[in-house]
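Notes for the structure review
One-letter residues, chain by chain:
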Amino acid sequence: MSAELPVLSSATLPADAVEVGRIGEAWGIKGWFKIVPYSSEPEALYQAPQWYLQPAERGPKSFFSGTVLLTIKQAREHSDSIVATAEEVADRNGAEALRGARIFISRANFPKAAEDEFYWVDLIGLEVVNREGVALGVVKDLLPTGPQTTLVLAYEEDGKALERMIPFVSAFVDKVDTAARLITVDWQPDY
């Protein structure tokens, strides 16, 4: 069986790596595999020439440990899914051996966001202040709530960890400065 396993090179996860999905089941007999993306717009998967893999956190044990490198030959949409093939994967057995592996891509390989658009991963950890300079918290998550996205902020009051939610819409968000790691909003602490 070990002759059927892909030969993967050890790698160091880039400092700007973002987990973007996981490898699903094998697709066909020539080493293609399905991808389960974490985004509804997975352009980074199509553009990145190399993916960094780590073993699944749950489920069957992977044949590799640590971080390994996968050189992508092609990734594309097929019907209602995404399929890919890699230099290191020769056949269906090799593709099945990767099932469940977590996929990371360097943030540098993401397509450039349009003006006034942001990748969620770039907003996590930004400090949020209101127009008066009052600190409201740090972005710990974003929630898609139908027609808009909501910032979930973590803050502390009287020694207790609390959350605050602010709609991520232009009516409340004045400025996002990713370089300064700061979001300015029209919001009061008692809302």
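Worth saying up front: this structure is predicted, and the values here are computed from it rather than measured. (Residues numbered from 1 in each chain as written. Predicted model: local features only at pLDDT ≥ 70, side-chain atom pairs only at ≥ 80, totals over all residues. Heavy atoms only, no water.)

**Regarding the overall build of the protein**
- Secondary structure assignment for the protein yields three helices and 13 strands.
- When the backbone C-alpha atoms are referred to their principal axes, the protein occupies close to 65 × 35 × 30 Å.
- In the protein, which comprises 191 residues, the proportion classed as buried is 38%.
- The contacts in the protein between residues at least 6 apart in sequence include a share of 54% that link residues at least 24 apart.
- Of the roughly 11200 Å² of accessible surface on the protein, 49% is carried by carbon and sulfur atoms.
- If you average the places of the 18 positive and of the 28 negative side-chain charges in the protein, the two averages end up 7 Å apart. (Helix = DSSP H or I, 4+ residues; strand = E, 2+ residues; numbered from the N terminus. Buried < 20%, exposed > 50% of the residue type's maximum accessible area, 1.4 Å probe, protein only. Contact = heavy atoms within 4.5 Å. Areas by Shrake-Rupley, 256 points an atom, 1.4 Å probe, with all protein chains shown as cover. Lys, Arg positive; Asp, Glu negative; His and termini not counted. Charge placed at Lys NZ, Arg CZ, Asp CG, Glu CD.)

**Some remarks on the side chain of Ser 81**
- Assignment of secondary structure puts Ser 81 in strand E6 (residues 81–86).
- In this structure Ser 81 comes out as buried when scored by relative accessible area, which is 15%.
- The residues contacting Ser 81, other than those within four sequence positions of it, are Lys 34 and Arg 76.

**Quick notes on the nonpolar core**
- One finds Phe 33, Trp 51 and Leu 70 to be the most contacted residues of the largest nonpolar core, which totals 27 residues.
- Looking at this core, the elements with two or more residues in it are strand E2 (17–27), strand E3 (32–37), helix H1 (43–47), strand E4 (50–54), strand E5 (68–78), E6 and strand E7 (102–106).
- Judged by nonpolar contacts, the second largest core, of 14 residues, contains Leu 126, Val 128, Val 139 and Ile 183. (Core = buried A, V, L, I, M, F, W, Y, C linked by side-chain atoms within 4.5 Å.)

**Digging into the pairing of strand E13 (residues 182–185)**
- Here strand E8 (residues 127–130) runs beside E13; their pairing, made up of four bridges, is parallel. Paired with Glu 127 across the bridge in E13 is Leu 182.
- As defined by bridge partners, strand E12 (residues 173–177) adjoins E13 across four bridges and the pair is classed as antiparallel. The partner of Lys 175 across the bridge, within E13, is Thr 184.
- Joining the antiparallel neighbours E12 and E13 is a turn of four residues, in which Arg 181 adopts a positive phi near 60°. (Pairing = 2+ DSSP bridges.)

**Description of the environment of Val 18**
- Relative to the helices and strands, Val 18 resides in strand E2.
- The class of Val 18 is buried, set by a relative accessible area of 12%.
- Each C-alpha atom, one on Val 18 and one on Gly 133, is 31 Å from the other, the two residues being 115 residues apart in sequence.
- Contact partners of Val 18, with chain neighbours within four places excluded, come to Ile 103, Phe 104, Ile 105, Arg 107, Phe 110 and Val 121.

**Concerning unusual backbone geometry**
- Its identity as a non-glycine residue notwithstanding, Asp 158 has a phi of 55°, on the positive side.
- With a relative accessible area of 76%, Asp 158 lands in the exposed category.
- In this structure, Arg 181 takes a positive phi of about 60° despite not being glycine.
- Of note, Arg 181 is situated in the loop between E12 and E13.

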